[in-house]
Amino acid sequence: MVDLMTAIVAADEIDAALRRSDYEAVMGKGLARMVEVRHLRTNAASSAVPRALHPRRVAVRTRRAVRGRQQERQRLAAVLDVTAATGRGAVVAVTGRAGIGKTTVLSELRAVAADKGFTVVGVGSDEDLRPEAFAALLVGGRPAVAGCEGAFGAMLDGHLARGPVLVTVDGLQWCHAVAARTLDALAAQAALRPLVCVVAERPEMDRPYLDQWRGHLRQRPDAVRVELPRMAGPEVAALVEDVLGVPPDASLTMLVDCAGGIPATVVELLGVVADEGVKECQADFARITRLLGGERHEPLLNGGAALPHRFSQVLHRSLDCLSEETRRVLDVASVLGRTFLPDDLATLLGQPLAALLPAFREAFTSEVLESAEQSMRFRNTLLWQALLQNIPDAVRGALHRQAAAMIIARGGSRVDSACHVARGAFHGDEAAILLLRDAAEEALRPAPRTAAELALRGLELLPPGHAACLPLTEIAVEACARSGPISRAVRLAEDALTGPLPETAKTALRYWLSTALTLEGRHRDAGRVAESVLSNPAAPAELRHNLTVNQVLVSVLRRDQPPPERRGVGESDFPVLAAMRSWREGRLTEALTLCRKAVADDHGGPVISWICHPLIGLAEVLTCLEHHDEALAVIDETAEHVDRALAAVPHILRARVELAVGRTSNATAEALAGLRIAHDTGTHLYLHEALYVLTTATLRTGVGRPRGEDPLVAWARAETSAVRSLPLAWAEARLAEAHGDPAPARALLREVALGEQQRRELFASAAGAAAWTVRTALGEDRGDWAAAAVKTAERLAAANPEVRTMAAAAAHARGLLERDSAALAAASAFPGPWERASAAEDLGRVLLDADRESAVRHLEQSAALYQEILADPDATRVRSVLRAAGVVRRHWRQRGSGESADTLTDTERKVADLVASGLTNQQVARRMFISHHTVAFHLRKVFRKLEVTSRVELARRFQPSR
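Residues numbered from 1 in each chain as written. Predicted model: local features only at pLDDT ≥ 70, side-chain atom pairs only at ≥ 80, totals over all residues. Heavy atoms only, no water.

J.: Can you lay out the overall build of the protein for me, pointing to particular residues and giving the numbers?
T.: The helix and strand inventory of the protein stands at 49 helices and eight strands. Within the protein, the fraction of its 962 residues that count as buried is 55%. Of the contacts made within the protein by residues no fewer than 6 positions apart, 68% connect residues no fewer than 24 positions apart. Of the roughly 40,500 Å² of accessible surface on the protein, a fraction of 53% belongs to carbon and sulfur atoms. (Helix = DSSP H or I, 4+ residues; strand = E, 2+ residues; numbered from the N terminus. Buried < 20%, exposed > 50% of the residue type's maximum accessible area, 1.4 Å probe, protein only. Contact = heavy atoms within 4.5 Å. Areas by Shrake-Rupley, 256 points an atom, 1.4 Å probe, with all protein chains shown as cover.)

In structure tokens, the structure reads:
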């Protein structure tokens, strides 16, 4: 692609040609691609140069700002500065793989050079470097004539005599030997004159003249080498916002991450989104998200998750720079899985492993493959999928059959061979069906997700009435219940139970159906299925035992009392269930003790232990009691033990801890990660907790609804719309109240005020709920409701003397009810920073009339705590109270001339200084070598710290330096 060519042409000819879009008339025959002309110095005093030779600036399309590359851009700008100051030029090599952004960097460098007074020449092809073509352009865009090379040299001398010159050559790898002579001449001039020659090339390309050029470059003392790395995450996010006009959400971020930091691939992927629209691509994002789960193989099932075709094409084209042999090796390797053994690949290719070394080396250099201990691995999941999907179905199936035979021949795992058989088998293949059944049974305990895929694929291959149908169905139901999709387990079990089955099979299927329904949130249906088995005295003892526990678990989740004749069975055998009951009844210390006992006594236990795993119970209790460090340690351990159906739980519990300690952005990310897994598996447990985190995070930061546009959040809200947990209802009521709708808060207040059980559950699960209930009740002039809330909080504190959160909550509630400063001071024992800030705010308000100095101190402490955890609306509210009391601090607002804001960082101060002097964000970005998104980020922080709302106000309060 050609960017520009500086020419000395007649101004009238340029204007006329541009008006009629006749670029050939402007640039000369064969040079129509050269569409941009830049020159910095339009010195009318140069009377020695005829008017027709004076350069002019031609308007060009606005380009996107360069993302990242700050260090590289600073190095290039420094070369220009040295040349301008000393009159000595330099040769610069800008290197990087295809699509890394060399063209964009050169384009911005030309703009910077133009601002610095350079004459700028941009060359984009081998044709541009022909001396006769360059000379033809220099003499007015007319065809070349005899003696052009001399004219070229004279014109170049003329430019250098007037000032420094920048020549950029984009795509050196495509130049031929003739063009290389011109480049050599330019490089020779750079050693003596104020000429900077910047050449962009791809280091992986191999051409004879490239090797000669690189050797010449190494010998030059003035040579500078700038290598462009892959873009980092923040720069990619900024590029997404440039292209689409909106910041990337979680799904879009996952998509562009698969471009591997290559800007061209990012833009091409986003082009698909821009063409089809973000909403239309959401279904594709959902499929992509499933593929990004780190699956070992491509989907086993017909119609399974696959990479959308247009995205696959884009990613596949990103490999065009590789040799045909390397592409062939990668195609076959993709059949073996994302991770594969080099020996297996060599066997499948029928070649010695040593013969594959060049292909491996190229794949590693291009960062397509990476080493993973004794195996090799595709670096990018979606790129692996794109390679795999590009192989015709018939060929891919044959390769899978060969891979299965190879694994069996070397005595490999039956599960590994079955995974390949599943993809290459034909309908009714008896041997394949039996292998899938045996492999699925073998994988059921250690790898239920793999077992589910194998069993479901076996069911697809079955002819009607096959004997393997029932065992495959039983395996598939259990495996899907343990790994998802839960809805598939429910559907398979319900369909199987409509036909005649042996009693033992019926009982087993009903147990797993009850379990799956519990995970799906259908607690009444789960209890009904469990009861249908328990009413049969002939049911096996172990299954009766497990179903009894299911029923107790369901009763706890529904806040019902378990059947009296079965109460002891579930709770005595499973302390986690007893702990859940103790928690509901306000015996928090007892619940913690029972959970610790359950973890200590757990040795694998019966099957049910996975659904109410002791580690999950302990992690949840520790999280609610705000034992943050221990909770995080237990959560990390939990993630290593739970099956995939519950894999969302550690993320959601970790989100609760992150929220409690004030790391709101981390909490939001973890909650969304948990929702993504829950949506994929169909598990509804803990959705309320994830939504509680997201809603509370929104309330604290004051940024709209909690990702309300995110399909995952919309799904979670729809699934939990029938019943809301009390903490979630509390968070949503407060958010609605903050947005001017007090009705939900009043409804919740009434529900909590009239129910001791509701108050106990809410106060135990949310540390700030007791104070909110008292404050809201007093605002509604219901002192009796406020007094009832205080009594409940104090009973919880008395019953759990070791839990300091309950003691602080009770003190906070009592202090609000009686305006007792001593009680409010005792509430400072809250472990969480938000609750401490809330207690300090209430204490400051109570003291305002009696002890203004102490009140101001506590209010400032509250504002600082809120600000520390980025609770901007809360901090603003407290500062308003202080201002109403006549208190204004310098670090809130900048006054006077030349003063510096106390809390501004060096970067923020420089941004404020430049903006106050009248520069735009783009101009500031260019001055500071950062993106305008980064400028906007720092400017928002300056506005918040100085409490200004416009650039005019900033300029008035912040006198820029001169």
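J.: Please provide a residue-by-residue account of the packing of aromatic side chains, values included.
T.: Under the counting rule described, the total for this entry stands at four aromatic pairs. Aromatic side chains Phe 340 and Phe 378 sit 5.9 Å apart centroid to centroid with 55 degrees between the ring planes, which places their arrangement in the tilted category. With Phe 340 in strand 6 (residues 339-340) and Phe 378 in strand 8 (residues 375-378), this pair connects stretches of sequence that are 38 residues apart. Given the relative accessible area of 4%, Phe 340 is considered buried. With centroids separated by 6.5 Å and ring planes inclined at 70 degrees, the aromatic side chains of Trp 730 and Trp 772 adopt a geometry described as edge-to-face. Of this pair, Trp 730 sits in helix 36 (residues 726-738) while Trp 772 sits in helix 39 (residues 769-779), placing them 42 residues apart in sequence. Comparing Trp 730 with Trp 772 shows no difference in burial state: the two are buried. Cation over ring: Arg 734 sits above Trp 730, and NZ or CZ is 4.1 Å from the ring centre. (Phe/Tyr/Trp six-rings, centres within 6.5 Å; stacked < 30°, edge-to-face > 60°. Lys NZ or Arg CZ within 6 Å of the ring centre and 35° of its normal.)

J.: Can you lay out the packing of helix 24 (residues 503-519) against helix 25 (residues 523-534) for me, pointing to particular residues and giving the numbers?
T.: Packed helices, taken two at a time, are described by the angle between their axes plus the distance between the axes. For the pair helix 24 and helix 25, interaxial distance at closest approach is 8 Å and the crossing angle is 160 degrees. Comparing the axis directions of helix 24 and helix 25 gives the class roughly antiparallel. In the packing of helix 24 onto helix 25, the handedness of the crossing is left-handed. Within the contact between the two elements, helix 24 uses Thr 507, Arg 510, Leu 513, Ser 514, Leu 517 and Thr 518 and helix 25 uses His 523, Asp 525, Ala 526, Val 529, Ala 530, Ser 532 and Val 533. Each residue belonging to the contact of helix 24 with helix 25 can be placed in one class, and the counts come to six nonpolar, five polar and two charged. (Axes fitted to C-alpha atoms, helices over the stretch in contact; angles between N-to-C directions. Parallel < 35°, antiparallel > 145°, perpendicular 65-115°, else oblique. Left-handed = near helix turned anticlockwise from the far one by under 90°. Nonpolar A, V, L, I, M, F, W, Y, C, P; charged D, E, K, R; others polar.)

J.: Give me the lowdown on the pattern of salt bridges, citing residues and values where you can.
T.: Enumeration over the complete set of coordinates arrives at 34 salt bridges. Linking Asp 344 and Arg 410 is a salt bridge whose minimum nitrogen-to-oxygen distance equals 2.8 Å. Taken as a pair, Asp 344 in helix 15 (residues 342-349) and Arg 410 in the loop between helix 18 (393-409) and helix 19 (414-424) lie far apart in primary sequence, 66 residues in all. For Arg 584, the salt bridge goes to Glu 761, with nearest N and O atoms at 3.5 Å. Taken together, the positions of Arg 584 in helix 28 (residues 575-584) and Glu 761 in helix 38 (residues 756-765) put the pair 177 residues apart, joining distant regions of the chain. Via salt bridges that share partners, Glu 520, Arg 522, Asp 525 and Arg 528 belong to a single interconnected network. (Salt bridge = Lys/Arg side-chain N within 4 Å of Asp/Glu carboxyl O.)

J.: Pulling in residues and values, what's your account of the pairing of strand 2 (residues 119-123)?
T.: Counting buried residues in strand 2 gives five out of five residues, a clear majority hidden from the surface. Neither face of strand 2 is open: one carries Thr 119, Val 121 and Val 123, the other Val 120 and Gly 122, and all of them are buried. As judged from the five bridges shared by strand 2 and strand 3 (residues 165-170), these two strands associate in the parallel manner. Note on strand 3: the bridge partner recorded for Val 120 is Leu 166. (Pairing = 2+ DSSP bridges.)

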